[in-house]
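Fold and contact review
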Number of protein chains: 2
Amino acid sequence: MKKNILVAQSGGPTAAINASLAGAVSYAVKSGEFNEVLGSVNGIEGVLKENFASMKKFENPDNVRLLKQTPSSYLGSCRKKLPDDGDVYDEIFEIFKKHNIGAFIYIGGNDSMDTVDKLSRHAKEKKEDISVIGVPKTIDNDLVMTDHTPGYASAAKYIANSVRQLALDTSVYDMKSVIVTEIMGRNAGWLTAAAALANDSLISPVDIICLPEVPFDMDEFIEKLAKVEDKKQTTIVAVSEGICDKNGDYIMSGIKSQARSDGFAHAALGGVGKYIEIEIATRLGIKTRSLEFSTLQRCNAETASKCDIDESFAQGEEGVRLAIAGECGKMVGIVREDGDIYKPHITSFDVSLIANKEKKIPQNMLSGDGFGVSEEFVKYAKPLINGHPDIIYKDGIIDFILRD
Amino acid sequence: MKKNILVAQSGGPTAAINASLAGAVSYAVKSGEFNEVLGSVNGIEGVLKENFASMKKFENPDNVRLLKQTPSSYLGSCRKKLPDDGDVYDEIFEIFKKHNIGAFIYIGGNDSMDTVDKLSRHAKEKKEDISVIGVPKTIDNDLVMTDHTPGYASAAKYIANSVRQLALDTSVYDMKSVIVTEIMGRNAGWLTAAAALANDSLISPVDIICLPEVPFDMDEFIEKLAKVEDKKQTTIVAVSEGICDKNGDYIMSGIKSQARSDGFAHAALGGVGKYIEIEIATRLGIKTRSLEFSTLQRCNAETASKCDIDESFAQGEEGVRLAIAGECGKMVGIVREDGDIYKPHITSFDVSLIANKEKKIPQNMLSGDGFGVSEEFVKYAKPLINGHPDIIYKDGIIDFILRD
């Protein structure tokens, strides 16, 4: 009897993680190599609870297409990190055996690749006949080895186009103003850097980008801003939620502990964007607004990158292909050919080289003054946000497919 | 010699106001009735400064198409309200004469229709040979007489689909949570009400809508929420920025003056959504987040409603048609045929019946409990958000056309 394949998703939702699921499930169905395709609900937690969903409805290509455009995680998510050692591994593999699982595909970010690494080590040690494969996903784009991660480009496109449209909105009145946009990414600035993609020959609204890779100093920032805004009507500042001071402490931890000691509920404080807004308005006396893109930046499927959605789908397919080939402990990824034209190739890496590492923006992609990115970054990121998927709407409302 | 036609835009930017401009300018060009098509920069202020832009580039249909998808106001905007009487009127009509203006088309909201009303009264009194015509525009949908206003439906579609995607994003973890979304519209709740359009047979995330039309009481709100969230994993609350207490005072004015007297800079406080978030988290102990859609809700052209963009364009055309017919003191508008199928007709109204009035949501479109809308509202709003315009991107970035 053929074995079953189990897929699961983990970590924060994105606009593309279901495209990888769609790729994996439809390839598993088409391959004819598996008895049944199952999904684990809420990642590895669903495995431990034996909470499995049938994926039978994805034998219908219309449903695969809908899954490809449904944002967030069809199978739910978890943030569980497995211990280094313990009974939980025997428990998991017992459950795999009980359900005749021959392959486990885990779609997720850094923590999920740690789970893939640990499970595949256990499988190899105990000579279990099961392929454990990771498929990457994170808007943070912070996984090493692979050129970029599924979900990043759609979020980057959302940031670039949102900033671009905000810039137009802000410039209609005959007065000076500054907008501070706060963007996700606690330790790596890839997504914040994408604000630079809003600039082109027509408009160039983004003048200052503050990244976690560069220590933030308020006095230097205000000095830089004063110079920039002097020459412009509208100035847009893109700030990562994770900017730190020269000691490596998050800017907002200091502010929040001060607020607490002043007896002010720190929940009432906004994020770092709000804090910078108040500093600008107070020190420079310019009309300033701040804006958090919040979770819309990661879950907006309507404006996804076609490049991202197609690559995410293909990486899901590749995960299953590797499982069929009997691989274990691999993560699917992308390498890019050298040269001016974007040519990606899907490949795989040992997951042990990836788990628990973090890829930050390299020095050559940063601008010399510490307040922006270089042309190298733009060359890297621009091809990824290309193309617009055809979205299915029902009476103006984006259509989804959900678990029963 | 033929006369010139002057067009201008005023009030807050939207995703559709340039579609009306595109309609007006392209119709004026095609008609052959005018010597030249001019644009006034920054509304009526541009008239007083004689700051006129040539619209010659819109003889090229490709540029008209780009203008149709460019959000914000191509000609800039102003918030100037003309006085009831005074020399300014003679001044304006002198400028009109100097530039051989035979028609003035003003695209804007309530204040702009006040300007159209005053200018057309003056024109009639002084027997000036000039057509002054208003073309409506406001995401607030608060102009009387017309069925709905250009810009409203695109903003409504943005709200509905954003809320819909946020709901999916929030439901991935196996835990209860509440999201409070703060939505624009200070005195009329039309846009906040559009959150209800996120609900369909697949998901129904929006349970509570707080509108300026209904006095807000925090205790009643918390009681209602406690009942609702008890049965659901994710609860989404849509709150208008303009909700008031039973005395008609904005909820946030009280909070902000309290913060000031506590010596806390009220700029550091978020809006009413943040305030409600903190009350929910404190009183009910549920994980709660708040989110302001901010100006993205009015300027997002990428996700505009095709119905809105096409109707906005057609209303711009109609404005010029009325001017050619020698009308003065009219505002273009839409009437809807009775019946289940949406059948709009473009028409016009005396602008004097519209200026300085405000259309709120009528009682029959509100739900009985004061925390939502009725099926009547859904029937009214649903057809307006239909269809998705083809957007031109350049390397993943939305393309615009801007003034030279």
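Position numbers for residues start from 1 in each chain and track the written sequence from start to end. Starting at A for chains and at 1 for ligands, labels are handed out in the order in which the entities are written. Where totals are concerned, whole chains, interfaces and linings use all residues; where local detail is concerned, this predicted model gives features only for residues with pLDDT of at least 70, and gives and counts side-chain atom pairs only at 80 or more. Hydrogens and waters are ignored; side-chain quantities use all the structure's heavy atoms.

Observations regarding the pairing of strand 2 (residues 37-40) of chain B
Residues and elements named next belong to chain B. Note the cut-off: Note on exposure labels: buried denotes an accessible area under 20% of the residue type's maximum, exposed denotes more than 50%, and partly exposed covers the range between, all computed with a 1.4 Å probe on protein chains only. Comment: elements are numbered from the N terminus, with helices defined as DSSP H or I runs of at least four residues and strands as E runs of at least two. Strands pair, by our definition, only if DSSP identifies at least two bridges between them. Throughout, right-handed denotes a crossover for which the path from the first strand over the helix to the second runs clockwise when the strands point away from the viewer.
Here strand 2 shows a buried face lined by Val 37 and Gly 39 and a second buried face lined by Leu 38 and Ser 40. Pairing analysis gives 3 bridges linking strand 1 (residues 4-9) to strand 2, with the strands arranged parallel. Paired with Val 7 across the bridge in strand 2 is Gly 39. The β-α-β motif built from strand 1, the intervening helix 1 (residues 17-31) and the parallel element strand 2 has right-handed crossover chirality. By the bridge criterion, 3 bridges tie strand 2 to strand 3 (residues 52-54) in an arrangement that is antiparallel.

So, helix 12 (residues 306-324) of chain A
All names here are of chain A. In plain terms, the rule: Multiplying 1.5 Å by the helix residue count minus one yields the expected span of that helix. Polar contacts, as counted here, are pairs of nitrogen or oxygen atoms within 3.5 Å of one another; within protein the pair requires one atom able to donate a hydrogen and one able to accept it, and residues that are adjacent in sequence qualify only if both atoms are side-chain atoms.
Taking 1.5 Å per residue, 19 residues should reach 27 Å; helix 12 reaches 27 Å between its end C-alpha atoms and fits that length. Put simply, Ser 305 is the residue that caps the front of helix 12, since its side-chain oxygen is 3.3 Å from the backbone nitrogen of Cys 307. Gly 326 lies just past helix 12 and shows a positive phi near 80°.

Comments concerning empty space enclosed by the protein
Where empty space is left in the structure can be found by rolling a water-sized probe over the atoms. What counts, and what does not: Residues are called lining when one of their atoms sits within 4 Å of a cavity or pocket point, these points coming from a 1 Å grid over the protein atoms alone, where a cavity is a set in which a 1.4 Å probe fits but cannot get out and a pocket is an open set with protein on both sides within 12 Å along at least five of seven lines. Grid points are joined across faces, edges and corners, and a volume is the space filled by probe spheres set on the points. Here the nonpolar group is Ala, Val, Leu, Ile, Met, Phe, Trp, Tyr, Cys and Pro; Asp, Glu, Lys and Arg are the charged ones; every other residue, Gly included, is treated as polar.
Scanning the entire structure with this criterion turns up 1 cavity of 30 Å³ or more. Considering only enclosed or pocket space, the largest cavity measures out at about 60 Å³ in volume. If you list the elements that add at least two residues to the lining of the largest cavity, you get strand 9 (288-292) of chain A together with strand 9 (288-292) of chain B. Of the residues belonging to the lining of the largest cavity, the class tally is 8 nonpolar, 1 polar and 2 charged.

Structural notes on the pairing of strand 10 (residues 330-336) of chain B
All names here are of chain B. Counting buried positions over the 7 residues of strand 10 gives 5, a clear majority of the element. Where strand 5 (residues 131-136) lies against strand 10, 2 bridges are found, and the strand directions are parallel. The partner of Gly 134 across the bridge, within strand 10, is Met 331. In this sheet, strand 11 (residues 344-350) lies alongside strand 10 in antiparallel orientation, the contact comprising 7 bridges. Opposite Ile 334, over in strand 11, you have Ile 346 as the bridge partner.

Digging into the interface of chain A and chain B
To keep things clear, this is the line we draw: Between two residues, a contact is recorded if the distance between any of their heavy atoms is within 4.5 Å. When a carboxyl oxygen of Asp or Glu lies within 4 Å of a side-chain nitrogen of Lys or Arg, that pair is called a salt bridge.
Taken residue by residue, the interface counts 62 residues in chain A and 63 residues in chain B. The interface formed by chain A and chain B holds 2 salt bridges in total. In this structure, the salt-bridge partner of Arg 298 of chain B is Asp 169 of chain A, at a minimum N-O distance of 2.8 Å. Between the two partners, chain A and chain B, sit 22 residue pairs in polar contact (both at pLDDT 80 or more).

Notes on unusual backbone geometry
Residue and element names in this part refer to chain A. Even without being a glycine, Asn 42 presents a positive backbone phi close to 65°. Given a relative accessible area of 13%, Asn 42 falls into the buried group. The phi dihedral of Asn 100 is positive, around 60°, even though this residue is not glycine. With respect to the helices and strands, Asn 100 occurs in the loop between helix 4 (88-98) and strand 4 (101-108).

Side note on the sheet that holds strand 9 of chain A
Residues and elements named next belong to chain A. Note the threshold: In this description, a line fitted to the C-alpha atoms serves as the axis of each element, helices being fitted only across the stretch in contact, and the angle between N-to-C directions of two axes falls anywhere from 0 to 180 degrees.
An order of 7-8-6-9 is seen for the 4 strands of this open sheet, with the pairing classed as parallel. The open sheet is flanked by strand 7 (206-210) and strand 9, the only strands paired with a single partner. Between one strand and the next, the sheet's axes are offset by a mean angle of 20°, whatever the strand orientation. Sheet topology places strand 6 (residues 177-183) next to strand 8 (residues 234-240); 7 bridges connect them, and they run parallel.

Describing the relation of the copies chain A and chain B
As a reminder of what qualifies: Copies overlap after least-squares fitting; the atoms used are the C-alpha atoms of residues with pLDDT of at least 70 in both.
With an RMSD of 0.0 Å, the fit of chain A onto chain B corresponds to turning through 180° and sliding 0.0 Å along the axis. In short, the pair behaves as if placed about a two-fold rotation axis. Taken together, the interface assignments show that 100% of the residues at the interface of chain A recur at the interface of chain B, consistent with an identical surface on both copies.

Observations regarding the pattern of salt bridges
All names here are of chain A. Tallied over the entire structure, the rule returns 48 salt bridges over all chains. One salt bridge connects Asp 90 with Lys 126, and the closest N-O pair in it is separated by 3.4 Å. With Asp 90 in helix 4 and Lys 126 in the loop between helix 5 (110-125) and strand 5 (131-136), this residue pair connects regions lying 36 residues apart in the sequence. Owing to a relative accessible area of 40%, Asp 90 belongs among the partly exposed residues under this scheme. For Lys 126, a relative accessible area of 44% translates into the label partly exposed. Bridged by salt links that share partners, the residues Lys 68, Lys 306 and Asp 310 form one connected network.

Digging into helix 3 (residues 61-69) of chain B
Residue and element names in this part refer to chain B. Among the residues of helix 3, Asn 63, Val 64, Leu 66, Leu 67 and Gln 69 are the ones counted as buried. Looking at the packing, one finds that the buried side of helix 3 touches helix 1, helix 12 (306-324) and strand 13 (397-398). For helix 3, the N-terminal capping position is held by Asn 60, with its side-chain oxygen 2.8 Å away from the main-chain nitrogen of Asp 62.

Considering the confidence of the model for chain A
How we decide: pLDDT: the predictor's confidence for each residue, scored from 0 to 100.
Mean pLDDT for chain A: 94, with 97% of residues reaching 70 or above. Interface confidence for the predicted complex, given as ipTM, is 0.95, next to a pTM of 0.96.

Describing the sheet that holds strand 5 of chain B
The strands making up a sheet associate through backbone hydrogen bonding, with each pair oriented either parallel or antiparallel. Residues and elements named next belong to chain B. Overall, mixed pairing links the 7 strands, which are arranged 3-2-1-4-5-10-11 in an open sheet. At either margin of the open sheet sits one strand with a lone partner, and together these are strand 3 and strand 11. Here the strands of the sheet are splayed against their neighbours by 30° on average, with no regard to which way each runs. Contacts from helix 5 (residues 110-125) reach strand 4 (101-108), strand 5 and strand 10, with the element oriented near 165° to strand 5.

With respect to the side chain of Asn 110 of chain A
All names here are of chain A. Of note, Asn 110 is situated in helix 5. You can call Asn 110 buried: its relative accessible area is 17%. Once residues lying within four places of it in the same chain are set aside, the contact partners of Asn 110 are Asp 142, Leu 143, Ile 354, Ala 355, Asn 356, Lys 357 and Glu 358.

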